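Take a look at the letters that make up each chain.
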Amino acid sequence: MTVTVRFAPSPTGRIHIGNARTALFNWLFAMNNKGRFIQRFDDTDIARSKQEFADSILYDLHWLGIFPDATDYQSRRFEIYDAAVEKLKAARLLYPCYETPEELDLRRKVRRTRGLPPVYGREALTLTTEQVAEYRSDGRRPHWRFLLPNFTSDPQQPERTEVHWNDLVRGEETVDLASLSDPVLVREDGTYLYTLPSVVDDIDMGVSHVIRGDDHVTNTGVQISIFKALGAEPPVFGHHNLLTTTTGEGLSKRSGALSIESLREDGIEPMAVASLAVLVGTSENVTAAHDLNELAGHFDPAATSKSAAKFDPDELFVLNRSLLHHLSFEEARDRLMVLGISGDKAEPFWMAVRGNLDRLADAVTWWRILSEGPPEPAEFSGEDRDFLNQAFDVLPEEPWNGTVWKDWTGKIKEATGRKGKPLFMPLRLALTGRTAGPELSDLLPLMGREGTLARRP
Ligand code: GLU
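Computed from a predicted model, the values in this text were never measured in an experiment. Numbers given for residues are sequential positions, taken from 1 along each chain in its written order. Reporting in this predicted model follows two pLDDT cut-offs: at least 70 for local features of residues, and 80 or more for side-chain atom pairs to be given and counted; totals over whole chains, interfaces and linings ignore these cut-offs and use all residues. Calculation of side-chain values draws on the structure's entire complement of heavy atoms; hydrogens and water are dropped beforehand.

(A) The arrangement of the packing of helix H3 (residues 78–90) against helix H6 (residues 195–204) in detail. For the pair H3 and H6, the least separation of the axes is 10 Å and the interaxial angle reads 105°. As judged from the angle between their axes, H3 and H6 are roughly perpendicular. In contact with Ile-80, Tyr-81, Ala-84, Val-85 and Leu-88 of H3, H6 contributes Leu-196, Pro-197, Val-200, Asp-201 and Asp-204. Each residue gets one of three labels, nonpolar for Ala, Val, Leu, Ile, Met, Phe, Trp, Tyr, Cys and Pro, charged for Asp, Glu, Lys and Arg, and polar for the others, Gly among them. Residue composition of the contact of H3 with H6, by class: eight nonpolar, no polar and two charged. Comment: axis = line fitted to C-alpha atoms, over the contacting stretch for helices; angle = value between 0 and 180 degrees taken between N-to-C directions. Each helix is a run of H or I in the DSSP string that is no shorter than four residues. Each strand is a run of E no shorter than two, and both are numbered from the N terminus. To sort the angles, those under 35 degrees are grouped as roughly parallel, those over 145 as roughly antiparallel, those from 65 to 115 as roughly perpendicular, and the leftovers as oblique. In this description, contact between two residues means that some pair of their heavy atoms is separated by no more than 4.5 Å.

Structural data, given as structure tokens:
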């Protein structure tokens, strides 16, 4: 059996790091099992779903290194769902209900005051033909509920019915079907809720493993029953913990918070996002993996904690720095070229500055400092100015070799008697306009003698 997974977001907004976590769990699982990854857009809610969001989700996935083997849209598959509905109706497992939301609400309250669980009491099953005719003549249209298999012979007498599965992440799981209402699968206007189309697609697309957020655990009890009602073997399920902000709030696609797009625009490397998205809330240390192959080696769904994982965006920068510090020139070359950094000096420049970057684009600042000088010359006290003049007087003649910095500072020490910070800090400020940055021994050869002299205060 080919392992087949799917990532099934609704295209109602940009995906955030929590959604990316689900996509990556599926992708890495497929990688580790030589499986297939299907991109499925759950766009049965036509009003809120937009093609531009689907496109942006695909773009974000590609950016992360996920290239689906197939892409499909639920909105193009209604006929298949209609056929499943007919099958369930024929088996009397889908029944029409006429209650309004207000009536349902009232019933729930009544059940609560009687100490009964606030689940749907299946009143629709007891309607007489006259009552149905009356509703219809009033213009009411039915919504359709799936009859959960939680009774022996009388649906009005539900009894504890456990659905079990061995969850890839959480281990043994149990849902009691008697604790649930019969789910509405089709609305009054004939539109589908997510529950049925998802099962129909998972069957039709041969999905072997459903890996998704743990907000779907209860759904799984229901959906396993629907798989069986449609005569199919349920897939293996895995429910991973959800990410929250540092203050414990859930992430929302609609708010745009921590969207993959905003992280990309903020200069975060895709592997920083992927590493944190996959490893946060697991027993693995969160370190930056160089690529998805390496990350796949650290990925173990069973090592994921059952409780929510707090996601701290600052950690992204820690990983980002670590990735940039190890990014070879070959890997950086094309991206640097786009930023206008090319030519003979590009490689030594990259090797000199990469250890100081928060974002790759910050290289431009250093490139400018080196080619044009500090944007604003630093201010010096009279004493430091004298020191610097003496220092520039003893700048070695060209040709320079790898020891020029050492040679120069040796001469400065001799000429001025300064050493340590009082020697280095004014030089750094004069040469770069900054108090910190890459090693001056690496930068000096890139400035050249002429460029260095041009920085004399
Ligand atoms: N569209 C559903 C969601 O985004 C998919 C859940 C699933 O993977 O089955 O929550």
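(B) The arrangement of the nonpolar core in detail. The nonpolar core is taken to be a set of buried Ala, Val, Leu, Ile, Met, Phe, Trp, Tyr and Cys residues, with the residues joined through side-chain atoms within 4.5 Å. For every residue, the accessible area obtained with a 1.4 Å probe (protein chains only) is divided by the maximum for its type, and the residue is called buried under 20%, exposed over 50%, and partly exposed between those limits. Judged by nonpolar contacts, the single largest core of 50 residues is most densely connected at Ile-17 and Leu-295. Elements that contribute at least two residues to this core include exactly strand E1 (4–7), helix H1 (17–32), strand E2 (36–41), helix H2 (51–64), helix H8 (260–265), helix H9 (270–279), helix H10 (292–298) and helix H11 (313–325). Tallying contributions element by element places H1 first for this core, with nine residues. Once you skip the residues sitting within four places of it in the chain, Leu-295 turns out to touch Leu-28, Met-271, Ala-274, Ser-275, Val-278, Leu-279 and Ala-289. Among the nonpolar cores identified, the runner-up in size contains 40 residues, and Phe-329, Ile-341, Trp-400 and Leu-446 belong to it.

(C) The arrangement of the site of the ligand in detail. Close to the ligand lie Arg-6, Ala-8, Pro-9, Ser-10, Asp-42, Tyr-194, Ser-198, Arg-212 and His-216. Taking Ala-8, its main chain carries an N or O atom lying 2.7 Å from a nitrogen atom of the ligand. At 2.6 Å, a side-chain N or O of Tyr-194 approaches an oxygen atom of the ligand. Looking at the shell around the ligand residue by residue, the classes come out as three nonpolar, three polar and three charged. The criterion for a residue being near a molecule or strand is simple. One of its heavy atoms has to lie within 4 Å of it. Polar contact criterion, stated in full: a pair of N or O atoms within 3.5 Å, where within protein one must be able to donate a hydrogen and the other to accept it, and residues adjacent in sequence count only if both atoms are side-chain atoms.

(D) Molecular detail of the pattern of salt bridges. Salt bridge, as used here, is a side-chain nitrogen of Lys or Arg placed within 4 Å of a carboxyl oxygen of Asp or Glu. Tallied over the full model, the rule gives 27 salt bridges. The structure contains a network of salt bridges with shared partners spanning Arg-6, Arg-40, Asp-42, Asp-72, Arg-77, Asp-201, Asp-202 and Asp-204.

(E) Looking closely at the side chain of Glu-269. Within the secondary structure, Glu-269 is located in the loop between H8 and H9. Setting aside residues up to four positions removed in sequence, Glu-269 forms contacts with Trp-63, Asn-320, Leu-323, Leu-324, Arg-335 and Leu-360.

(F) Main features of the packing of aromatic side chains. Any two rings among Phe, Tyr and Trp, with Trp reduced to its six-membered ring, count as a pair given centres within 6.5 Å; such a pair is stacked if its planes are under 30 degrees apart, edge-to-face if over 60, and tilted if neither. Counted according to the given criterion, the structure contains 13 aromatic pairs. Consider the rings of Phe-78 and Tyr-81, whose centres lie 6.1 Å apart with planes at 80°: the pair is edge-to-face. Of this pair, Phe-78 and Tyr-81 are both found in helix H3, three residues apart, which corresponds to roughly one turn of the helix. A cation sits over an aromatic face here: Arg-264 above Trp-63, 5.3 Å from the ring centre. Criterion for a charge above a ring: Arg CZ or Lys NZ at most 6 Å from the ring centre, at most 35 degrees from the ring normal.

(G) Focus on the sheet that holds strand E8 (residues 184–186). Strand pairing is defined by DSSP finding a minimum of two bridges between the two strands. With respect to topology, three strands assemble into an open sheet ordered E4-E5-E8, the strand pairing being antiparallel. Since the sheet does not close on itself, it has two edges, and those belong to strand E4 (94–97) and E8, each with one partner. The sheet shows a mean angle of 45° between the axes of neighbouring strands, direction not considered. With two bridges joining them, strand E5 (residues 143–146) and E8 adopt antiparallel strand pairing. Directly across from Arg-145, in E8, lies its bridge partner Val-184.

(H) Representation of the pairing of E2. Judged by how many residues are buried, E2 sits mostly within the fold: five of six residues are covered. As judged from the four bridges shared by E1 and E2, these two strands associate in the parallel manner. Of the residues in E2, the one forming a bridge with Arg-6 is Ile-38. Between the parallel elements E1 and E2, the chain passes through H1 in a crossover that is right-handed. Two strands pair when backbone bridges link them, and E2 and strand E3 (residues 70–73) are joined in this way by four bridges, in the parallel orientation. Pairing of Arg-40 across the sheet is with Asp-72, part of E3. Handedness of a crossover is defined as follows: orient the strands so they point away from the viewer, and if the path from the first strand over the helix to the second runs clockwise, the crossover is right-handed. On the question of chirality, the crossover connecting E2 to the parallel E3 by way of H2 is right-handed.

(I) How the structure looks around the environment of His-239. Secondary-structure assignment places His-239 in strand E10 (residues 236–240). Separated by 65 residues in sequence, His-239 and Thr-304 have C-alpha atoms that sit 9.5 Å apart. Among residues more than four places away in sequence, those in contact with His-239 are Trp-165, Asp-167, Val-169, Arg-170, Arg-212, Gly-213, Asp-214, His-216, Val-217 and Thr-220. Reaching out from His-239, the side chain makes a polar contact with the side chain of Thr-220 at a distance of 2.8 Å.

(J) Structural context of unusual backbone geometry. Residue Glu-398 is joined to Pro-399 through a cis peptide bond whose omega torsion reads 0°. The residue Pro-399 is located in the loop between helix H15 (382–393) and helix H16 (404–416) in this model. Phi at Lys-34 is positive, roughly 50°, even though this residue is not glycine. Within the secondary structure, Lys-34 sits in the loop between H1 and E2. A relative accessible area of 75% means that Lys-34 is categorised as exposed. Despite not being glycine, Arg-92 shows a phi value in the positive range, around 55°. Positionally, Arg-92 belongs in the loop between H3 and E4. Residue class for Arg-92 comes out exposed when judged on its relative accessible area of 70%.

(K) Examining the environment of Tyr-194 more closely. Summarising the element assignment, Tyr-194 is placed in the loop between E8 and H6. The exposure class of Tyr-194 is partly exposed, given its relative accessible area of 23%. Discounting chain neighbours no more than four positions away, the residues touching Tyr-194 are Arg-40, Asp-42, Arg-212, His-216, Asn-219 and Gln-223. Within the local environment of Tyr-194, its side chain forms a polar contact with the side chain of Arg-212, the two groups lying 2.6 Å apart.

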